[in-house]
Amino acid sequence: MRKVADCRDYPSESNCSLTISGEEEEVVRAAAEHAASVHGHTDSPELREELRKMLKDEVAV
């Protein structure tokens with residue numbers, strides 16, 4: 001099942017509206033890179049594990 005990470009679920013100073021969807025590993029990798037480059041987080045195994053826990057199943061349209 002495809003997964004989704006949506007910045008709108010986690011308010012930030014930048015009011016980011018990015019949504020990433022795809023296979024779980026793709027989404028975790030892209031979300032970690034986004035969190036580091038846009039939100040100033042450090043891309044680490046711990047960050048990726050937290051992101052993995054926040055993923056939601058993609059709802060078919």
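Preceding this section is the structure that the text describes.
Residues numbered from 1 in each chain as written. Predicted model: local features only at pLDDT ≥ 70, side-chain atom pairs only at ≥ 80, totals over all residues. Heavy atoms only, no water.

A. Structural context of the overall build of the protein. Scanning the protein from N- to C-terminus turns up two helices and three strands. Listed by position from the N terminus, the elements making up the protein come as β-β-α-α-β. Relative to a compact globule of 61 residues, whose C-alpha radius of gyration would be 10 Å, the protein shows 11 Å and is just as compact. Counting only C-alpha atoms, the protein reaches 30 × 25 × 15 Å along its principal axes. Taking the contacts inside the protein whose residues are at least 6 apart along the sequence as the reference set, 39% of them involve residues at least 24 apart. In the form shown here, the protein has an accessible surface area of approximately 4400 Å², with 51% of it arising from carbon and sulfur atoms. (Helix = DSSP H or I, 4+ residues; strand = E, 2+ residues; numbered from the N terminus. Rg over C-alpha atoms; globule rule 2.2 N^0.38 Å. Contact = heavy atoms within 4.5 Å. Areas by Shrake-Rupley, 256 points an atom, 1.4 Å probe, with all protein chains shown as cover.)

B. Representation of the sheet that holds strand S2 (residues 19–22). Reading across the sheet, the three strands line up as S2-S1-S3 and stay open at both edges, with antiparallel pairing between neighbours. If you trace the sheet from one side to the other, it starts and ends with S2 and strand S3 (56–57), each paired once. Packing of helix H1 (residues 24–39) onto the sheet brings it into contact with strand S1 (3–6) and S2, and relative to S2 it is tilted by some 155°. (Pairing = 2+ DSSP bridges. Axes fitted to C-alpha atoms, helices over the stretch in contact; angles between N-to-C directions.)

C. Structural context of unusual backbone geometry. Backbone geometry places Asn15, a non-glycine residue, at a positive phi of 50°. Of note, Asn15 is situated in the loop between S1 and S2.

D. Examining the nonpolar core more closely. Ala5, Ile20, Val27, Val28, Ala31, Ala32, Ala35, Leu47, Leu51 and Leu55 form the largest nonpolar core, which has ten residues in total. Listed by contribution, the elements that provide at least two residues to this core are H1 and helix H2 (45–54). Residue contributions to this core peak at five residues, all from H1. Excluding anything up to four places from it in sequence, Leu47 contacts Ala32, Ala35, His41 and Thr42. (Core = buried A, V, L, I, M, F, W, Y, C linked by side-chain atoms within 4.5 Å. Buried < 20%, exposed > 50% of the residue type's maximum accessible area, 1.4 Å probe, protein only.)

E. Representation of the pattern of salt bridges within the structure. Following the criterion strictly, the structure yields nine salt bridges and no others. A salt bridge links Asp43 to Arg48; the shortest N-O distance between them is 2.8 Å. Connected through shared salt-bridge partners, Glu24, Glu25, Glu49 and Arg52 make up one network. (Salt bridge = Lys/Arg side-chain N within 4 Å of Asp/Glu carboxyl O.)

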